[in-house]
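Single-letter residue listing:
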Amino acid sequence: MKRRKLGPAYERAPAEVAGDWVHRNLLVLASIVVFSVIFLILFNVFVDQGLNFIASGGDEATASRFDSNHPTAVAAKIIGVILISVLLIKSRAK
């Protein structure tokens, strides 16, 4: 049986591999950033203004009950950004 020759060894540095991946997926990464920022802005407006308005029944004299920096709100923001990222990456893969 004849031995197959592969040719000269070729290795790429990890930075080169990462650079190629970023170059191929730059549009996806940019769209993830844009959609995440839009989501975070809308989420903050909803929690800081909309949710407090609904909870107070329209009476602006009552104190704010909800804050966008509450740990639950921060967890919802993180989960939302992760879901947006996964959805955009999965839609790119098809």
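The structure presented is a predicted model; accordingly, all values stated were derived computationally and were not measured. (Residues numbered from 1 in each chain as written. Predicted model: local features only at pLDDT ≥ 70, side-chain atom pairs only at ≥ 80, totals over all residues. Heavy atoms only, no water.)

Draft legend 1. Fine view of the overall build of the protein chain. Tallying secondary structure elements over the protein chain gives three helices and zero strands in all. Looking at the protein chain as a whole, 16% of its 94 residues qualify as buried. Taking the contacts inside the protein chain whose residues are at least 6 apart along the sequence as the reference set, 54% of them involve residues at least 24 apart. Carbon and sulfur atoms provide 68% of the accessible area of the protein chain, an area that totals close to 8000 Å². (Helix = DSSP H or I, 4+ residues; strand = E, 2+ residues; numbered from the N terminus. Buried < 20%, exposed > 50% of the residue type's maximum accessible area, 1.4 Å probe, protein only. Contact = heavy atoms within 4.5 Å. Areas by Shrake-Rupley, 256 points an atom, 1.4 Å probe, with all protein chains shown as cover.)

Draft legend 2. Geometry of the packing of aromatic side chains. Evaluation of the coordinates by the stated rule reveals one aromatic pair. Taking the centre distance of 5.8 Å and the plane angle of 40° together, the rings of Phe39 and Phe43 count as tilted. In this pair, Phe39 and Phe43 are both assigned in helix H2 (residues 26-56), four residues apart and thus about one turn of the helix distant. (Phe/Tyr/Trp six-rings, centres within 6.5 Å; stacked < 30°, edge-to-face > 60°.)

Draft legend 3. A nonpolar patch on the surface, seen in detail. On the surface, Val33, Val37, Ile41 and Val45 cluster together into a nonpolar patch covering about 340 Å² of accessible area. Mapping Ile41 onto the fold places it in helix H2. (Patch = residues over 30% accessible without salt bridge, like charges linked within 9 Å, V, L, I, M, F, W, Y side chains within 5 Å. Salt bridge = Lys/Arg side-chain N within 4 Å of Asp/Glu carboxyl O.)

Draft legend 4. Here's a closer look at the confidence of the model for the protein chain. With 83% of its residues at a pLDDT of at least 70, the protein chain reaches an overall mean of 84. Mean pLDDT per element in the protein chain: helix H1 (residues 14-24) is the minimum at 86, and helix H3 (residues 71-93) is the maximum at 91. (pLDDT = per-residue confidence, 0-100.)

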